[in-house]
Amino acid sequence: GAGVSQSPSNKVTEKGKDVELRCDPISGHTALYWYRQSLGQGLEFLIYFQGNSAPDKSGLPSDRFSAERTGGSVSTLTIQRTQQEDSAVYLCASSLDVGARGGYTFGSGTRLTVV
Amino acid sequence: DAKTTQPTSMDCAEGRAANLPCNHSTISGNEYVYWYRQIHSQGPQYIIHGLKNNETNEMASLIITEDRKSSTLILPHATLRDTAVYYCIVRGGSARQLTFGSGTQLTVLP
């Protein structure tokens with residue numbers, strides 16, 4: 001597609017439930033990143049994927065968080081047993097490749113609210 | 001990656017040039033300067049990047065000092081839609097992700 005697409009745009013879930021957030025990157029972009037942004041805070045890096053290489057999971061805050069990228073395209077971020085502190089906007093971005101000199105293209109994000 | 005320092009907030013009159021400074025005194029030779037902005041409730045948007053030469057595109061100009069320790073993003077004719085948080089980021093060639101700081105909240109006033 002023309003841009004990075006994320007779904008759902010909003011998600012309200014009960015504490016303790018699992019959620020899945022989806023990201024459709026720009027076609028042909030081999031690098032894909034997940035960030036989150038808590039209310040009034042900056043962007044926090046979570047994980048990135050580059051082609052068929054092992055993902056860099058160094059930013060994942062706990063083992064309740066996981067992500068996968070199927071077929072080098074669509075990515076799913078899964079949060080298990082959600083907690084209230086997981087409430088944030090989850091942003092996905094893609095770029096031609098990890099070392100690309102050009103910028104990332106971000107999606108509009110998924111606003112997750114854990115009640 | 002080198003750390004950047006930006007003012008917390010700035011105001012600019014509509015139609016005037018907005019000059020947003022960024023200090024990156026510990027930048028190393030292979031690190032690029034990137035600028036992004038984030039309009040309220042949207043994902044960040046890439047604006048421009050440069051290594052040592054000044055750069056211009058349809059959105060903005062980037063002026064990098066000769067010693068590369070600071071840079072200025074210039075929006076030549078600010079509009080109300082340019083109100084956003086502007087992030088200055090330094091990224092090396094081997095870096096795998098962009099690290100966002102706190103940015104500058106630019107408010108364009110009518």
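It should be noted that the structure appears before, not after, this text.
Not measured: the values here are computed from a predicted model.

**Examining the overall build of chain A**
Piece 1. In terms of helices and strands, chain A carries zero helices and 10 strands.
Piece 2. When the helices and strands of chain A are placed in sequence order, the string is β-β-β-β-β-β-β-β-β-β.
Piece 3. For 115 residues, the compact-globule estimate of 2.2 N^0.38 gives 13 Å, and chain A sits close to it at 13 Å.
Piece 4. Principal axes of the C-alpha set define a box for chain A whose edges measure 40 × 25 × 25 Å.

**Section: the sheet that holds strand β1 (residues 5–7) of chain A**
All names here are of chain A.
Piece 1. Strand order in the open sheet made by the four strands is β1-β3-β7-β6, with antiparallel pairing throughout. One side of each edge strand has no neighbouring strand; the edge strands of this open sheet are β1 and β6 (65–69). Going from strand to strand, the sheet's axes swing by 15° on average, the running direction of each strand aside.
Piece 2. Here five bridges tie strand β3 (residues 19–24) to strand β7 (residues 75–79), and the two strands are oriented antiparallel to one another. Each bridged residue has a counterpart across the sheet, and for Val-19 the counterpart in β7 is Ile-79.

**With respect to the layout of surface pockets**
Piece 1. Size it by volume and the largest pocket reaches roughly 650 Å³.
Piece 2. In terms of lining residues, the largest pocket is bounded by 30 residues, among which Gln-37 and Gly-40 of chain A together with Gln-38, His-40 and Ser-41 of chain B are the most central.
Piece 3. Put simply, the parts of the chain that give the lining of the largest pocket at least two residues each are β8 (88–95) and β10 (110–114) of chain A together with β8 (84–92) of chain B.
Piece 4. Partitioned by chemical class, the residues of the lining of the largest pocket number nine nonpolar, 20 polar and one charged.

Conventions used here
- Residues numbered from 1 in each chain as written.
- Chains lettered and ligands numbered in written order.
- Predicted model: local features only at pLDDT ≥ 70, side-chain atom pairs only at ≥ 80, totals over all residues.
- Heavy atoms only, no water.
- Helix = DSSP H or I, 4+ residues; strand = E, 2+ residues; numbered from the N terminus.
- Rg over C-alpha atoms; globule rule 2.2 N^0.38 Å.
- Pairing = 2+ DSSP bridges.
- Axes fitted to C-alpha atoms, helices over the stretch in contact; angles between N-to-C directions.
- 1 Å grid on protein atoms, 1.4 Å probe; cavity = no way out; pocket = protein on both sides within 12 Å on 5 of 7 lines; lining within 4 Å.
- Points joined across faces, edges and corners; volume = space filled by probe spheres on them.
- Nonpolar A, V, L, I, M, F, W, Y, C, P; charged D, E, K, R; others polar.

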